Structures are given as C-alpha cells and as structure tokens.
Amino acid sequence: MFGSLRRSRYRGYIDAVSGGLVYGWAYDGGRPRERLSIEIYAGGILVGVVRADSFRSDLAVAGIGDGKCAFSFSLPAEVGDGGPIAARVANTEYWLTNSNRYGTADSPRPGRGGNVSPNWASALTGDREFREEQARLGHCWTLLGITPDLKKDGDWFRGTLGGRSIFVQRFGDAIKGFENRCAHRFFPLRTSDKGNGPIVCGFHHWHYNREGHAVGIPNCLEVFGTHPREVGAKLVALDIATCGSLIFGRFPGGNTSESLEDYLGEGFPILDAMCTMPGRPQRLNGKIAANWKLPMQITLDDYHGVAIHHRKRYAKNSEISYFRFGLHSAHFTGHNDTLAAMSVACRENRYLPSGYRIFNIFPNLAVSIFNARPYWYCHVQLFAPTSPRQTHHMGWLFQTGFPAKERALDRWMRPFTDVIRAHLVRHFTKKIVDEDRRACEQMQTIAHQFEGSPILGAQEKRIEWFEEAYEVAMSRGEAISDVRR
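The model shown is predicted, which means the values in this text are computed figures rather than measured ones.

Reading guide: rules and limits
Residues numbered from 1 in each chain as written. Predicted model: local features only at pLDDT ≥ 70, side-chain atom pairs only at ≥ 80, totals over all residues. Heavy atoms only, no water. Helix = DSSP H or I, 4+ residues; strand = E, 2+ residues; numbered from the N terminus. Expected span 1.5 Å × (residues − 1). Bend = angle between axes of the 7 residues up to and from the residue. Buried < 20%, exposed > 50% of the residue type's maximum accessible area, 1.4 Å probe, protein only. Contact = heavy atoms within 4.5 Å. pLDDT = per-residue confidence, 0-100. Pairing = 2+ DSSP bridges. Patch = residues over 30% accessible without salt bridge, like charges linked within 9 Å, V, L, I, M, F, W, Y side chains within 5 Å. Areas by Shrake-Rupley, 256 points an atom, 1.4 Å probe, with all protein chains shown as cover. Salt bridge = Lys/Arg side-chain N within 4 Å of Asp/Glu carboxyl O. Axes fitted to C-alpha atoms, helices over the stretch in contact; angles between N-to-C directions. Phe/Tyr/Trp six-rings, centres within 6.5 Å; stacked < 30°, edge-to-face > 60°. Lys NZ or Arg CZ within 6 Å of the ring centre and 35° of its normal. Core = buried A, V, L, I, M, F, W, Y, C linked by side-chain atoms within 4.5 Å.

Re helix 10 (residues 408–444)
In an α-helix there are 3.6 residues to a turn, and that puts residues three or four apart on one side.
Inference 1: Along its 37 residues, helix 10 runs 50 Å from first to last C-alpha, staying within 8% of the 54 Å computed at 1.5 Å per residue.
Inference 2: Arg414 marks the point of greatest bend in helix 10, at about 75 degrees, and the proline Pro415 comes within the next four residues.
Inference 3: The complete set of buried residues in helix 10 reads Asp410, Arg421, Ala422, Val425, Thr429, Val433, Asp434, Glu435, Asp436, Ala439, Cys440 and Gln444.
Inference 4: As for helix 10, its buried residues are in contact with strand 19 (282–283), helix 7 (293–298), helix 8 (305–309), strand 24 (365–372), strand 25 (375–387) and strand 26 (390–399).

A few points about the confidence of the model for the protein
Inference 1: In the predicted model, the protein carries a mean pLDDT of 88, and 90% of its residues have values of at least 70.
Inference 2: Scored below 50 in pLDDT, residues 1–7 makes 32 contacts in the model with residues more than four places away or belonging to other chains.
Inference 3: In the model, residues 100–111 has pLDDT below 50 throughout and makes 28 contacts with residues more than four positions away in sequence or in other chains.

Overview of the pairing of strand 3 (residues 36–42)
Inference 1: Within strand 3, six of the seven residues are buried, leaving the element largely enclosed by the surrounding structure.
Inference 2: Counted between consecutive antiparallel strands, the loop separating strand 3 from strand 4 (residues 45–52) contains two residues, among which Gly43 sits at a positive phi close to 60 degrees.
Inference 3: Strand direction decides the pairing type here: strand 3 and strand 7 (residues 85–89), joined by five bridges, are antiparallel. By the bridge assignment for strand 7, Glu39 is matched with Arg88.

Observations regarding the side chain of Gln459
Inference 1: In this structure, Gln459 sits in the loop between helix 10 and helix 11 (461–475).
Inference 2: Among the residues examined, Gln459 registers a relative accessible area of 7% and is labelled buried.
Inference 3: Not counting chain neighbours up to four residues away, the residues in contact with Gln459 comprise Leu300, Asp301, Asp302, Tyr303, Ala315, Lys316, Asn317, Ile320 and Tyr322.

Side note on a nonpolar patch on the surface
Inference 1: Side chains of Val419, Ile420, Leu424 and Phe428 sit close together on the surface and give an oily, nonpolar patch of about 400 Å² of accessible area.
Inference 2: With respect to the helices and strands, Leu424 occurs in helix 10.

Details of the environment of Val344
Inference 1: Note on placement: Val344 falls in helix 9 (residues 339–347).
Inference 2: Judged by relative accessible area, Val344 falls into the partly exposed class, the value being 39%.
Inference 3: In sequence terms Val344 and Glu266 are 78 residues apart; their C-alpha atoms lie 8.3 Å from each other.

Regarding the sheet that holds strand 12 (residues 174–179)
Inference 1: One open sheet holds the four strands; their spatial order is 12-11-10-13, and the pairing between them is antiparallel. Strands with a single pairing partner mark the edges of an open sheet, and in this sheet they are strand 12 and strand 13 (194–196). Mean inter-strand twist for the sheet, computed between neighbouring axes without regard to direction, equals 25 degrees.

What to know about the sheet that holds strand 7
What links the strands of a sheet is backbone hydrogen bonding, and the strands pair in either a parallel or an antiparallel sense.
Inference 1: Reading across the sheet, the three strands line up as 4-3-7 and stay open at both edges, with antiparallel pairing between neighbours. Edge positions in the sheet fall to strand 4 and strand 7, since each has one partner strand and no second. Neighbouring strand axes in the sheet, compared pairwise and without regard to direction, differ in orientation by 25 degrees on average.
Inference 2: Examined bridge by bridge, strand 3 and strand 4 share seven bridges and lie antiparallel to one another. Looking at the pairing, Ser37 lines up with Arg51 of strand 4.

Regarding helix 6 (residues 267–274)
Inference 1: Within helix 6, six of the eight residues are buried, which leaves it mostly tucked inside the rest of the structure.
Inference 2: Three or more residues of helix 6 are buried, namely Gly267, Phe268, Pro269, Ile270, Leu271 and Met274.

As for the packing of aromatic side chains
Inference 1: Tallied over the full model, the rule gives 16 aromatic pairs.
Inference 2: Taking 4.8 Å as the distance between ring centres and 55 degrees as the angle between the ring planes, the aromatic pair formed by Phe323 and Phe332 counts as tilted. Like Phe332, Phe323 is buried.
Inference 3: Feature note: the residues Tyr13, Trp25 and Tyr27 constitute an aromatic cluster, connected by ring pairs.
Inference 4: Arg190 extends its terminal NZ or CZ atom over the ring of Phe167, reaching a point 5.1 Å from the ring centre.
Inference 5: Between the NZ or CZ atom of Arg414 and the centre of the ring of Tyr375, over which it lies, the distance is 4.0 Å.

Some points on the pairing of strand 26
Inference 1: Among the ten residues of strand 26, eight are classified as buried, and the element is accordingly described as predominantly covered.
Inference 2: For strand 19 and strand 26, the ladder comprises two bridges, and the chain directions are antiparallel. Bridging from a neighbouring strand, Arg283 pairs with Trp396 of strand 26.
Inference 3: Two strands pair when backbone bridges link them, and strand 20 (residues 286–288) and strand 26 are joined in this way by three bridges, in the antiparallel orientation. Bridging from a neighbouring strand, Gly286 pairs with His393 of strand 26.
Inference 4: Looking at chain direction, strand 25 and strand 26 are connected through ten bridges and run antiparallel. Residue pairing in the sheet places Pro385 in a bridge with Thr391 of strand 26.
Inference 5: Where strand 25 folds back onto strand 26 in an antiparallel hairpin, the turn is made up of two residues.

Thoughts on the nonpolar core
Inference 1: Judged by nonpolar contacts, the single largest core of 75 residues is most densely connected at Met274, Cys275, Met342, Phe359, Phe362 and Val380.
Inference 2: In contact with Met274, other than residues within four places in its own chain, are Met342, Phe359, Val367, Ser368, Ile369, Cys378, Phe398, Thr400 and Phe402.
Inference 3: Ranked by size, the runner-up nonpolar core spans 19 residues in total, among them Val17, Leu36, Ala52 and Leu75.

Dropping the structure here:
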C-alpha cells in the first residue's frame, strides 16, 4: 500500500575514519530491526564487510531504528586511514554519506543531502501519496490547539489530524479529543471551527458523553429494539496531552505508545516553560498555497535570510548551534547554553534567555523565542496540511514569563509601552511570515519538477534531519485506516 510513498529505504553515514578504523551506522527504514551488512571500499576496492549491529544511544534517541545499527571496521594495515574510504549497503547501490573528507566518486557528494531520497518530494503534489502520508503522521503527537481556546466547560474547537476532521473539547478539568464523525451515519458532529455545547449529532440527534459513548438515541427502543447503552456506539477517541498551553493529540495505534513527554524528550520542559500563555495570545492565521513541508522546512533553513528577509549579511556558522533530540531539532544563536542545560534550567524554573532559539517539533510545529527589548516573546507556528498544495498556517504570538533585564523606567512605562511593543512585534513577525509564505508558494509552482536530492549546506543541515525523521515516521506502524479495520 505504501510503496509509492516510500523512498530509498536505507539510511546511513560514515561518521569518522581514524586510527585505522571506519566508524558509522546504517539501517533499513522498511525493516528497522534487521541488521545490515556494509561493504567497505578503499580506493574503489572492496576491502571487507562489517555488520551494522552495535548499539549507540544517540541513534536510539534520534529514532534511528532501535539504535542497534552502528559499526566499526578495522582497515587493512596497507590502507590505514589515509583514504579515500567509501561504504555501501551490501549488494545494493546505496552508498553511505561521508560526513568528513573521505569519499570516492562512487559515494554521495558531501553536502548533497545524501540522506534525502531523490524522490523526497513525491507527497508535495501527489494526492494519493499525500493521503497515505497523512494517515501515518496521524500517529505522531501533533499540536492541535491551545488551552486558552477551551477556558469554559463545554468549549470546543475543530481541527485536522492525519487527514481527518477532529474536534477537541473541555469537560470540566479534562480535555478530550474525538474524530469528527457520528458513529451512526457518519455525519460531522462539529460543522464550525469553534463553539460550546454538548456533543449532539445534527442529523439524527444522537447524544454522546465525555467518553464518546452514545447515551441518547431518539426512539432507540422502537427503531433499534434496545436501550442506547446496549447499542454500543462510540466515537473514535484521540490520545490527548498538554505541554504548557499547547494541546497535542494523536490517533492511537501505529505501534507507538510513548507519552508526549517521552516524545518531546529534552524539549518537553522547554516548551512547557516557553508556551505557558498568560492570556489569549495574538493570532497570525492564514493560508499558504504550498505543501506543509515547504513552510516547515523554511523554518529549518538558516541560509535564506539575506535573499528572502533582506538581512544585511549571511550568518556565520560560528554564530549558530544546532541540536537534535529524537525526531526534533533546535537552533540556538550564540553559545551561552546548550539544549541539555536549557532543558534542566527550564525544568527547575531558573532559565534566563540569552538569544534567539527555535525548536522544530516533528511533524509540523515551530516554536521560537526572541527579544523585543527588554522582554522576551514566543512565536508558535503550526503548519496544518489541508491538501498536497495547501496549508493552514496557525500562529500564536505572546510575551513569555521569562525574566527580562528591565530598568526601573521600563517597569514604570510598561503599561504604555507593552501596547506599542505588541503592535510592533506583530507587524515585524507578520512581515517575516509573509516573506516565507511567498517563497514557499513560488517553490510549490514547480514542485512537480523537483528531481534528485537537494544540495544542502551547513546551515541547512536540519532539513536533512527533518527528512530522516520523516522517513522514520513513514516506517513506523500502520496507517490510521489500517489500525481501525
């Protein structure tokens, strides 16, 4: 069923060649627990075969199979580590990417996104590929909305997950999520974007409780010959969890049982601290006439600022730090802290911001903090797919609770300056969002012409990480429709 979407099933790197040893990893995305044999070449000549079956914790954390896919190979004495060295999956044409100077003409060129399949863009334009992609991504924890939109008992909002209409509703202290279709004749239960009230189908007035069970069925005994609870009708429930003011959901199944906290890893306490909204945030919503992956990837690209945002200069690699955690990644400007240090400080409620930070949470969430002197703002962006060529962009902008280096004058003037500051922050944030949107829409016009792997520089590395995470998600478990059969 999924073969048309699945790209090159193999992934792997030569990480280093040192002391006469070749270090790296490789795995089969279609069969992640199968151990691969790797052919090692020196100067184009096969010098040996090694099994990629050693455990590495960084691979496990990154979601690369079960982590047991690393290898080390002792080069023959006459070869040493002087190269050129190359490696490929045995009996295939898949060459491992070299992450250092060692390579041959037969292996992928450095910087060409060797871990990005040549047909990575198939779901940007294909309707069937897009539907199958979304059916699998529906099992990933995905941002659905924010708690300020569910302040009162009975408040609900509608959204999409895995290509399906869903709704999320508050029931007292609990937040529940369901697929937006009646169990009786599949009529949509919610026909607007938000509202308040019980779950009642507008087609036959079936009434559901907070657990999704049909508890009110008109003329039930007469037309069904039994009582409502005996009918056994139930809505499809979502897994729901929160982090700060963010509400995440997923369809159960798909061979994944990790909690949201496990899914976010070191990012959980960071998002919890960054995204606890003091009130209703400013909203920056709109439509993007492009596939959701394009706006998501532009937030992973630190190379486009001069051309698209008219900045004065290109950023230097020394000014940027990248971090990878699970399926996710982060970009820090400056070197004042690390992801691990920030995570611990946020968990202990003592984090002091020092520069721009952006966190890209797979599959389609980007969260950034930046300084609007002297206070810190957070921008949450959700790129919700609606079709292969259309994305619903949902943005929330608000002032964080992080400490600021404010002066006495800042505190005194704050009731007046906050209004002006909020207006200016919104103006410039929207300007950047619109510039990114236009660039993505231009790319979408020729998405059917995307061929081969992109050439990725050092400041586009996280795009390759994203594609690797995407491949992992595509290989996990089953599509939603398969699970529900």
